[in-house]
Amino acid sequence: MIENKNILLGVSGGIASYKVLDLCSRLKKKNANLQVIMTPAATEFVSPLSFETMAKCKVYMDMWEGHHESVHHIDLPKWADVMLIAPATASTIGKMANGIADNFLIASYLACEKDVIIAPSMNTQMLLNPATQKNIEILKSYGVKVIAPESGILACNTVGDGRLEEPKNIVEYLEEYFTNKDLKGKKVIVSAGPTIEPIDFVRYVSNHSSGKMGYNIANEAKKRGADVVLVSGPVKPFAIKGINRIEVKTNEEMKNAIDENFDNADALIMAAAPVDYKSSIVSDHKIKKSGQNLKMEFVENTDILKYFGNKKTKQKVIGFAAETDDLIENASAKLKKKNADYIIANDLTKAGAGFNMDTNIASIISKDNIKNLEKMSKTELANQILDLIR
Ligand code: CTP
């Protein structure tokens, strides 16, 4: 996590440097420690005073400032847990690749033994220029990590690659960078959202599951180094990166998608809310109103968790129980009936738990233990659940 991490932020002279003030603000809110170095060109775009104010630190620019107490371009990299250069302009990237230490930032980079991350930002043609591309490749070969620039409208009134990655995504990148990769080598299947079962050509049955819990688990598992397969029912878009997402609609599709990945998986976390019943007949055209009540028969659907609970060999199988009555009793019965290793039980009637919320109040139930958790964010709960499969 970013809290208390020492981030040495290098700012070079591109128009995107104004966005890096927002980055500083976001990092400070997460209690990161910052030190800032600006190139002379960067100070043409944003005043050092702005960085001092947002990053709450001294801003270093001058190579020749007094060396009597310490040699700053040597000591700052020693202090850092990581060095981040944002924006990294074509010129700064070129100097880094070729070791031209003609300013404080490059001298610090050359003295830095810690990981260095660059977030390039420039005009599309400058980015695509073979010299820039070659320099980026050289830096990658030296182990420098690159946060690829986005595509979009650029300050030069063109549209293309070269826009600095959004500050919130750079923060996400750093969050992931600092997360302990304790799930590396594990394959984790996570299901999320509702399923839907058709009634006719236009109608279906479903439920209010938002998918938040499942997407949180998938994102956190990815940050912790797992190979994640996310099997998702229809949900509103969520941000995910580097996750193999399989979109499904019905229970059958969800079960099949999981099955295709199950044999070499280490864990299945069923955070989805598959629909329990499906119509016994699905009309392939729209059922017209007849002036009479419509009678339909619903048959019980595949219980996906139970199917994989019975199929598991080495896999840890984790399910949820969303209850309104007799939480522990009902959840324990589900654990047994579905042969799960754990059930994450939550009482839908409690304020701060349930569908569409950002928080949850859960109990982790296993064969011989019940652990009651405090109210916490779905992200925190996701990590508690992932601790079960380390
Ligand atoms: N589940 C499943 N397949 C279903 C229904 C539920 O895999 N057809 C999974 C859910 O993903 C969850 C767990 O089973 O992990 C419990 O879901 P829940 O809706 O609480 O329980 P149900 O088994 O559907 O029982 P009931 O609705 O009667 O409480």
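Just so it is clear, the structure is predicted and the values come from calculations on it, not from any experiment.

A. Broad picture of helix 13 (residues 327-337). Among all positions in helix 13, only Leu327, Ala331 and Leu335 are buried. Buried residues along helix 13 cover an arc of 60° about the axis, so they all sit on one side. In helix 13, the exposed positions angled more than 90 degrees off the buried face are occupied by Glu329, Lys336 and Lys337. In this structure, the buried side of helix 13 is in contact with strand 17 (316-323), strand 18 (342-347) and strand 19 (359-366). Just beyond helix 13, the residue with positive phi is Asn339, at close to 55°.

B. Structural detail: the pattern of salt bridges. Tallied over the entire structure, the rule returns 23 salt bridges. Here Glu166 and Arg163 are joined by a salt bridge, their closest N and O atoms 3.7 Å apart. What makes Arg163 partly exposed here is its relative accessible area of 27%. Taking the shortest distance from any N to any O, the salt bridge between Lys311 and Asp263 comes out at 3.9 Å.

C. Main features of the sheet that holds strand 12 (residues 227-232). Read from one edge of the open sheet, eight strands run 13-12-9-14-17-18-19-20, paired in mixed fashion. Two strands bound the open sheet, and with one partner strand each, they are strand 13 (244-247) and strand 20 (369-377). The mean inter-strand angle of the sheet, taken between neighbouring strand axes irrespective of direction, is 20°. By the bridge criterion, four bridges tie strand 12 to strand 13 in an arrangement that is parallel. Paired with Leu230 across the two strands is Arg245, which belongs to strand 13. Along the sheet face, helix 11 (residues 251-262) touches strand 9 (187-192), strand 12, strand 13, strand 14 (267-270) and strand 17 and points at about 175° away from the line of strand 9. Helix 14 (residues 378-387) rests against strand 14, strand 17, strand 18, strand 19 and strand 20 of the sheet, and its axis sits at about 150° to strand 20.

D. Fine view of the nonpolar core. Formed by 31 residues in total, the largest nonpolar core has its most connected members in Ile7, Leu27, Val36, Phe51 and Leu84. Elements supplying a minimum of two residues to this core: strand 1 (6-11), helix 1 (19-29), strand 2 (33-38), helix 3 (48-55), strand 4 (82-88), strand 5 (115-120) and helix 9 (167-178). Ranked by the residues each element gives to this core, the list is headed by helix 1, at five residues. For Ile7, the residues in contact, after removing those within four places along its chain, are Ile2, Leu27, Ala32, Asn33, Leu34, Gln35, Trp79, Val82, Leu84, Leu174 and Phe178. Ile217, Ala218, Ala362 and Leu386 belong to the second largest nonpolar core, which has 30 residues in total.

Parameters and conventions
Residues numbered from 1 in each chain as written. Predicted model: local features only at pLDDT ≥ 70, side-chain atom pairs only at ≥ 80, totals over all residues. Heavy atoms only, no water. Buried < 20%, exposed > 50% of the residue type's maximum accessible area, 1.4 Å probe, protein only. Helix = DSSP H or I, 4+ residues; strand = E, 2+ residues; numbered from the N terminus. Arc of directions from axis to C-beta. Contact = heavy atoms within 4.5 Å. Salt bridge = Lys/Arg side-chain N within 4 Å of Asp/Glu carboxyl O. Pairing = 2+ DSSP bridges. Axes fitted to C-alpha atoms, helices over the stretch in contact; angles between N-to-C directions. Core = buried A, V, L, I, M, F, W, Y, C linked by side-chain atoms within 4.5 Å.

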